[in-house]
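In case you want the letters, here they are:
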Amino acid sequence: MSRPLIQYAGRDLEAMFSAPNYCAWILSQFEPYLGQTVAEVGAGSGNFSSELVKKVSGRLLLVEPSVQMFPLLEQRFAGNPRVTCEQHYFAEVALHYCGTLDSIVYVNVLEHVEDDRQELAEAYNALKPGGHLCVFVPALPLLFSEFDASVGHYRRYSRQQLAARMREAGFEIVKLRFFDFAGILPWLLFMKLLHWRLTPGSAGLYDRIVVPLMRKAESLISPPVGKNLMVVGRKPVV
């Protein structure tokens, strides 16, 4: 039986995707692994998707279950023959793409999935042998805040937990690293201790001032810890 489509409009979740430098930084980490046929799970209203489609030479599948966000996503890509939008959870469409996708992208999505093991298994089955799963999630369980809970996060991942989930699903880990070292202290202070909420204004300020510096610094030295984690997993070629 299909799950009911979610009602959440997603303004809080979309806040960081009004931050173009942050989006470009994330995408730069995944670009070498995309291939020609790509799915983005939890595409929201398409802010990240608008940058992703520029890097995909073939077809892009965008999956979004929110009844409020999906019409915005569909309108955004209306008339683009390379983009297919599906108003579903990924598990409900995964069988239609079994073994056909070059890559699948989850950006700030997997933490919203209660059964992340099953979700990763569905992604594994949808990928071609040699295909890549690209995942970006909030890190450090210590930072879990009221804001995390309010937007439907089940968890913030540790490095060990994320690696274990990927390997359990059958993936070979190509890349696993922390991301955004500078974001730890502001999140701990403002979100965890002072109970602030993420807004487009605060995200935009961070994007303009901090992100360019952090992107340059973290391109030289991989941080030992960070506000987020990113992983790229490869489906083995049998």
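Since we're looking at a predicted model, the values are computed, not measured.

Thoughts on a nonpolar patch on the surface
So, step 1. Where nonpolar side chains cluster on the molecular surface, the patch consists of Leu-189, Phe-190, Leu-193, Leu-194 and Trp-196 and spans about 470 Å² of accessible area.
So, step 2. Summarising the element assignment, Leu-194 is placed in the loop between helix H9 (184–193) and helix H10 (200–209).

Focus on the packing of helix H6 (residues 116–126) against helix H8 (residues 159–168)
So, step 1. As a packed pair, H6 and H8 sit with axes 9 Å apart at the nearest point and diverge in direction by 50 degrees. Between H6 and H8, the angle falls in the class oblique. As H6 packs across H8, the resulting crossing turns out to be right-handed. Of H8, the residues touching H6 (which contributes Asp-116, Arg-117 and Leu-120) are Arg-165, Met-166 and Glu-168.
So, step 2. Its residues placed into classes, the contact of H6 with H8 shows 2 nonpolar, no polar and 4 charged.

Here's the deal with the pattern of salt bridges
So, step 1. This model, assessed by the stated rule, comprises 10 salt bridges.
So, step 2. Lys-55 is paired through a salt bridge with Glu-31; the nearest N and O atoms lie 3.9 Å apart. Taken together, the residues Lys-55 in helix H3 (residues 47–55) and Glu-31 in the loop between helix H2 (20–30) and strand E1 (37–41) connect sequence positions 24 residues apart.
So, step 3. Look at Lys-55 and you get partly exposed, because its relative accessible area is 40%.
So, step 4. By relative accessible area, which is 36% here, Glu-31 ends up partly exposed.
So, step 5. Residues Glu-168 and Arg-117 are paired through a salt bridge, measuring 2.9 Å at the closest nitrogen-oxygen approach. Of the two residues, Glu-168 is situated in helix H8 and Arg-117 in helix H6; the sequence distance between them amounts to 51 residues.
So, step 6. Overall, Arg-117 belongs to the partly exposed group, its relative accessible area being 45%.

Some remarks on helix H11 (residues 211–220)
Each turn of an α-helix holds 3.6 residues, which means side chains three or four residues apart point in the same direction.
So, step 1. Of all the positions in H11, only Val-211, Met-214 and Glu-218 are classed as buried. Down the axis of H11, the buried set is contained in an arc of 60 degrees. They therefore lie on one face. Facing away from the buried surface of H11 by more than 90 degrees, the exposed residues are Leu-213, Lys-216, Ser-219 and Leu-220.
So, step 2. Contacts from the buried residues of H11 go to H2, strand E6 (172–179) and H10.

A look at the environment of Ala-126
So, step 1. Along the chain, Ala-126 turns up in helix H6.
So, step 2. Taking C-alpha positions, Ala-126 is 4.7 Å from Gly-99, a pair spaced 27 residues apart along the chain.
So, step 3. Residues within four places of Ala-126 in sequence aside, it is in contact with Phe-90, Ala-94, Tyr-97, Cys-98, Gly-99, Thr-100, Leu-101 and Ile-104.

Thoughts on the packing of aromatic side chains
So, step 1. What the rule picks out here adds up to 8 aromatic pairs.
So, step 2. Ring geometry for Tyr-22 versus Trp-25: centroids 6.3 Å apart, planes at 90 degrees, classification edge-to-face. Here Trp-25 and Tyr-22 lie together in helix H2, a separation of 3 residues that amounts to about one turn. The burial state of Tyr-22 is the same as that of Trp-25; both residues are buried.
So, step 3. Between Tyr-124 and Phe-171, the ring centres sit 5.2 Å apart and the planes meet at 80 degrees, which makes this aromatic pair edge-to-face. With a gap of 47 residues between them, Tyr-124 in helix H6 and Phe-171 in the loop between H8 and E6 connect regions that are remote in the sequence.
So, step 4. Three or more aromatic residues link up through ring pairs in this structure, and these residues are Tyr-22, Trp-25, Phe-136 and Phe-179.
So, step 5. A cation sits over an aromatic face here: Arg-156 above Trp-187, 4.9 Å from the ring centre.
So, step 6. Here the basic side chain of Lys-235 rests over the ring of Tyr-124, its NZ or CZ set 4.8 Å away from the ring centre.

Cut-offs applied
Residues numbered from 1 in each chain as written. Predicted model: local features only at pLDDT ≥ 70, side-chain atom pairs only at ≥ 80, totals over all residues. Heavy atoms only, no water. Patch = residues over 30% accessible without salt bridge, like charges linked within 9 Å, V, L, I, M, F, W, Y side chains within 5 Å. Areas by Shrake-Rupley, 256 points an atom, 1.4 Å probe, with all protein chains shown as cover. Salt bridge = Lys/Arg side-chain N within 4 Å of Asp/Glu carboxyl O. Helix = DSSP H or I, 4+ residues; strand = E, 2+ residues; numbered from the N terminus. Axes fitted to C-alpha atoms, helices over the stretch in contact; angles between N-to-C directions. Parallel < 35°, antiparallel > 145°, perpendicular 65-115°, else oblique. Left-handed = near helix turned anticlockwise from the far one by under 90°. Contact = heavy atoms within 4.5 Å. Nonpolar A, V, L, I, M, F, W, Y, C, P; charged D, E, K, R; others polar. Buried < 20%, exposed > 50% of the residue type's maximum accessible area, 1.4 Å probe, protein only. Arc of directions from axis to C-beta. Phe/Tyr/Trp six-rings, centres within 6.5 Å; stacked < 30°, edge-to-face > 60°. Lys NZ or Arg CZ within 6 Å of the ring centre and 35° of its normal.

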